[in-house]
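Listed below, chain by chain, are the residues.
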Amino acid sequence: ILVLGVIDMGKILYNKTMKRILLKIAYDGTNFHGWQKQEGLRSVQGEIEQAIERAFKFSCNLFASGRTDAGVHALAQMAHFDIDDAVPTNKIKLVLNRILPPDVQILSAKKVSENFHARFSAKKKTYQYLLCTGKKNVFEANRKVYVDNLDKEKMKECASLLIGKHNFRAFCSSQTSAKDFVRTVYEIKLFQKSRHNIVVEVTGNGFLMNMVRILVGTMVDYSLGKLDKKRVLKALESGDRSCAGRTMPPQGLYLKKVFY
C-alpha cells in the first residue's frame, strides 16, 4: 500500500509504504462494553487503538472479524490495521502487550495481503458457550453460566434441529440492523469439559446479534422441557422470536476461532 503525502502547491512531501497487520487477540470481556468503540465507554477496540498510537505514534482504525457484546470473551478475535512498513512486524506483539491492560492480550501479529479484510475474508467462525451445573463459584461468575438439571441428550436432540441453512430471524435480538437473516450453522457440538462444566460449540458462516446466546438458550429450554420439537421448528419456519428460547447471559460466551 503506497500512501502519498500532499501539501501546498501540490508538492509531494513523502512516499510512505504501508503494510496490513493481522492481530490475534484474547480478552476477558467482563469490564468492557463490547468490542466496538463507544463514546465515553471502555471497549476492546479502543484500548488496542490507543496502545498502537502510544507505541508507534500512529493513529489507525482497527477492523475486527465481528463485534462481541459487553461481557463476551474472546480466545482468538481477529482484527487488522495498516501501519508504516518501517515498523518491524516481529516487534508489534511484544510492544503492544507491554502497554495493554491485563484483560487484553495480543497472541500474534503477522503481515497479510493488502486485499485481506478481517471481517469480509472470514469463511466461518466458532463460538463456545460454557455452562455449569455445579455450585456457584464467585471467582468464576463472569466466565460461565450456572444452570441446574441439564439433560445433555435432550440438548443434542435440539441441536440437530438447528444445524443447517435456515432463516434465523427468531434467533436474534430485535435490536439487530440485519436485513438478511439466512445463515448456515455447520456444526453444534456438546462435550463435558469437567464433572459439572458443559461446553456448547457452534460453528457457522456468520452470526446475527445474540444468535449464539439464543441458540444455546433454546437448547437449554428444550432440555428443561420448556420447549418442544414442534415449537423449535415453528421458530425456524415463522421467524417468531417468542417461539425460540431465552437469550443466555453474555459471560458464558467465547469467540473461539475465525477461519479464513
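Thresholds applied
All residue numbers refer to positions counted from 1 along the written sequence of the respective chain. Reporting of local features is limited, given that this is a predicted model, to residues whose pLDDT is at least 70; pairs of side-chain atoms are given and counted only at 80 or more, and all residues count toward the totals for whole chains, interfaces and linings. Computation of side-chain values: all heavy atoms of the structure, hydrogens and water removed. What counts as a helix is a DSSP run of H or I of at least four residues, what counts as a strand is a run of E of at least two, and both are numbered from the N terminus. When accessible area is computed with a 1.4 Å probe and restricted to protein chains, residues below 20% of their type maximum are described as buried, those above 50% as exposed, and intermediate ones as partly exposed. All accessibility values rest on the Shrake-Rupley procedure with a 1.4 Å probe; residue burial counts only the protein chains present in the view. Note on charges: Lys and Arg go in the positive column, Asp and Glu in the negative column, and His and the chain ends are not counted at all. Every charge is mapped onto a representative atom, which is NZ of Lys, CZ of Arg, CG of Asp or CD of Glu. Two strands pair under a simple rule: DSSP has to find at least two bridges between them. A pair is scored as a salt bridge if a Lys or Arg side-chain nitrogen falls within 4 Å of a carboxyl oxygen belonging to Asp or Glu. Starting at the helix axis, one direction is taken to each C-beta atom, and the arc is that of these directions. Working rule for contacts: check all heavy atoms of both residues, and any pair within 4.5 Å makes them a contact. Polar contact is defined as a pair of N or O atoms within 3.5 Å, subject to the rule that within protein one atom must be able to donate a hydrogen and the other to accept it, and that residues adjacent in sequence are counted only when both atoms are side-chain atoms. Between N-to-C directions, angles cover 0 to 180 degrees, with each direction set by a line fitted to C-alpha atoms, over the stretch in contact for helices. By the definition adopted for this analysis, an angle is roughly parallel if under 35 degrees, roughly antiparallel if over 145, roughly perpendicular if from 65 to 115, and oblique otherwise. Here a crossing is called left-handed whenever its near helix is offset anticlockwise from the far helix by less than a right angle, and right-handed whenever the offset is clockwise. The classification used treats Ala, Val, Leu, Ile, Met, Phe, Trp, Tyr, Cys and Pro as nonpolar, Asp, Glu, Lys and Arg as charged, and all other residues, Gly among them, as polar. Known as pLDDT, the predictor's confidence for each residue is given on a scale from 0 to 100. Here, nonpolar core means buried Ala, Val, Leu, Ile, Met, Phe, Trp, Tyr and Cys residues that are tied together by side-chain atoms lying within 4.5 Å of each other.

As a further point, take the overall build of the protein chain. The secondary structure content of the protein chain amounts to five helices and eleven strands. A principal-axis box enclosing the C-alpha atoms of the protein chain has dimensions of 75 × 40 × 30 Å. For the protein chain, the proportion of its 260 residues judged to be buried stands at 48%. Split by element, the accessible area of the protein chain, about 13,800 Å² in all, is 48% carbon and sulfur. Charge centroids of the protein chain, computed over 43 positive and 24 negative side chains, lie 3 Å from each other.

A separate point is the pairing of strand β6 (residues 124–132). Of all nine residues in β6, eight are buried; the element is thus mostly enclosed. Where β6 meets strand β10 (residues 197–204), eight bridges bridge the pair, whose relative direction is antiparallel. Paired with Thr126 across the bridge in β10 is Thr203. Bridge count between β6 and strand β7 (residues 145–146): two bridges; the pairing is parallel.

Once their charged atoms are close, side chains differing in charge can pair, the charge on each being opposite to the other. Overall, the coordinates contain twelve salt bridges when judged by the stated rule. Between Glu49 and Lys37 there is a salt bridge whose closest N-O contact spans 2.8 Å. Note that Glu49 is positioned in helix α1 (residues 44–56) and Lys37 in the loop between β2 (12–27) and α1, a separation of twelve residues in sequence. Given the relative accessible area of 41%, Lys37 is considered partly exposed. Here Asp69 ties to Arg213 by a salt bridge, and the two come within 3.5 Å at their closest N and O atoms. Of this pair, Asp69 sits in the loop between β3 (63–64) and β4 (73–84) while Arg213 sits in helix α4 (residues 211–223), placing them 144 residues apart in sequence. Residue classification places Asp69 among the partly exposed positions, given a relative accessible area of 29%.

A separate point is helix α3 (residues 152–162). Of all the residues in α3, the buried ones are Met155, Cys158, Ala159, Leu161 and Leu162. Viewed end-on, α3 has its buried residues packed into an arc of 155°, placing them on one side of the element. Residues of α3 that are buried sit in contact with β6, β8 (164–167), β9 (182–192), β10, α4 and α5 (229–238). Two or three places before Glu153, at the start of α3, stands the capping residue Asp151, its side-chain oxygen 3.0 Å from that residue's backbone nitrogen. Of the residues flanking the end of α3, it is Gly164, one or two places downstream, whose phi is positive at about 120°.

With that settled, the discussion passes to the packing of α3 against α4. As a packed pair, α3 and α4 sit with axes 8 Å apart at the nearest point and diverge in direction by 135°. As judged from the angle between their axes, α3 and α4 are oblique. Here α3 and α4 pass one another in a crossing that is right-handed. Of the residues in α4, those in contact with Lys154, Met155, Glu157, Cys158, Ala159, Leu161 and Leu162 of α3 are Leu215, Thr218, Met219, Val220, Tyr222 and Ser223. Looking at side-chain class alone, the contact of α3 with α4 contains nine nonpolar, two polar and two charged residues.

We now examine unusual backbone geometry. Even without being a glycine, Asn149 presents a positive backbone phi close to 60°. By the secondary structure assignment, Asn149 is in the loop between β7 and α3. Classification of Asn149 as exposed rests on a relative accessible area of 69%. The backbone phi angle of Asn210 is positive, close to 70°, even though this residue is not glycine.

So, on to the confidence of the model for the protein chain. Residue-level pLDDT values for the protein chain average 93, and 94% of them are 70 or greater. For residues 6–15, every residue scores under 50 in pLDDT, and the model assigns this stretch eleven contacts once sequence neighbours within four places are set aside.

Burial of nonpolar side chains together is a common tendency in soluble globular proteins. Judged by nonpolar contacts, the single largest core of 74 residues is most densely connected at Leu23, Ile48, Leu131, Phe171 and Val200. Sequence-distant contacts of Val200, that is, excluding residues within four places in its chain, are made with Tyr127, Gln128, Tyr129, Leu131, Met155, Ile188, Lys189, Leu190, Val216 and Met219.

Residues Asn149 and Thr133 lie 16 residues apart in sequence; the distance between their C-alpha atoms is 7.0 Å. Those residues in contact with Asn149 that sit more than four places away from it in its chain are Ser223 and Leu224.

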